[in-house]
Amino acid sequence: PSPDFSTPGRNPWQEKLESRYGLRRVETPRGITKVLCANRGEIAIRVFRAAHELALHTVAIYSFEDRFSNHRYKADESYLVGRGKSPVGAYLSIPDIIDIAKSSGVDAIHPGYGFMSERADFAQAVIDAGMTWIGPSPQVIEMMGDKTAARKLAFEARVPTVP
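Caption draft 1: Structural view of the environment of His110. Structurally, His110 is set in strand β4 (residues 108–110). For His110 and Asn39, which are 71 residues apart along the polypeptide, the C-alpha to C-alpha distance reads 8.4 Å. Look past the residues within four positions of His110 in its chain and what remains in contact with it is Val35, Leu36, Cys37, Ala38, Val47 and Ile134.

Shown next as structure tokens:
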């Protein structure tokens with residue numbers, strides 16, 4: 001049967017996901033004023049541009065090797081992360097990122113792309129620290145990380161999949 005989208009605000013696919021998997025859409029909380037992007041380079045610059053269009057303050061993190069990178073200068077504030085760690089290790093240091101976010105008064109964290117965007121433990125750490133996670137819930141990240149579960153979910157939601 002075709003989904004009924006005639007009722008404003010009603011999405012039958014969302015309702016099915018909610019009832020079957022306990023997933024729910026989370027409304028964006030009001031009151032976000034400062035966003036940290038847990039990424040580098042062009043990805044972070046794009047997040048900062050969008051945040052600035054929404055009149056939000058931005059915070060960049062950078063590894064020692066990225067101290068002269070553009071993304072650090074496009075943010076309102078920037079902080080060295082992972083002192084003494086490898087360049088990649090610095091951006092993967094959840095405790096360091098959370099500490100910087102807390103000490104700089106960040107309300108929300110955007111993971112960017114790659115690095116931390118697929119880490120359910122990072123999303124949960126942000127939420128546990130009392131900040132807003134800008135991205136899918138930790139449960140959805142976990143589910144989508146399991147290719148078999150993701151495929152089953154897509155099939156049940158009638159999303160076309162490759163055989």
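There's plenty left to go through after this.
Caption draft 2: Structural detail: the pattern of salt bridges. Following the criterion strictly, the structure yields five salt bridges and no others. Linking Asp66 and Arg40 is a salt bridge whose minimum nitrogen-to-oxygen distance equals 2.7 Å. Taken together, the residues span a long stretch of sequence, with Asp66 in the loop between β2 (57–62) and α3 (70–74) and Arg40 in the loop between β1 (34–37) and α2 (41–53) at a distance of 26 residues. On the accessibility criterion, Arg40 (34% relative accessible area) is partly exposed. One salt bridge in this structure joins Asp96 and Lys85, with 3.2 Å as the shortest N-O distance. With Asp96 in helix α5 (residues 94–103) and Lys85 in the loop between β3 (77–80) and α4 (87–91), this pair connects stretches of sequence that are eleven residues apart. A residue is classified by how much of its surface remains accessible, and Asp96, at 24% relative accessible area, is partly exposed.

Caption draft 3: Up close: the pairing of β1. With burial as the criterion, each face of β1 is covered, one bearing Lys34 and Leu36 and the other bearing Val35 and Cys37. Pairing of β1 with β2, which is carried by four bridges, proceeds in the parallel orientation. Looking at β2, one finds that Cys37 is bridged to Ala60. Bridge analysis of β1 against β4 gives three bridges, and the strand direction is parallel. Bridge pairing in β4 links Leu36 to Ile109.

Cut-offs used in this document
Residues numbered from 1 in each chain as written. Predicted model: local features only at pLDDT ≥ 70, side-chain atom pairs only at ≥ 80, totals over all residues. Heavy atoms only, no water. Helix = DSSP H or I, 4+ residues; strand = E, 2+ residues; numbered from the N terminus. Contact = heavy atoms within 4.5 Å. Salt bridge = Lys/Arg side-chain N within 4 Å of Asp/Glu carboxyl O. Buried < 20%, exposed > 50% of the residue type's maximum accessible area, 1.4 Å probe, protein only. Pairing = 2+ DSSP bridges.

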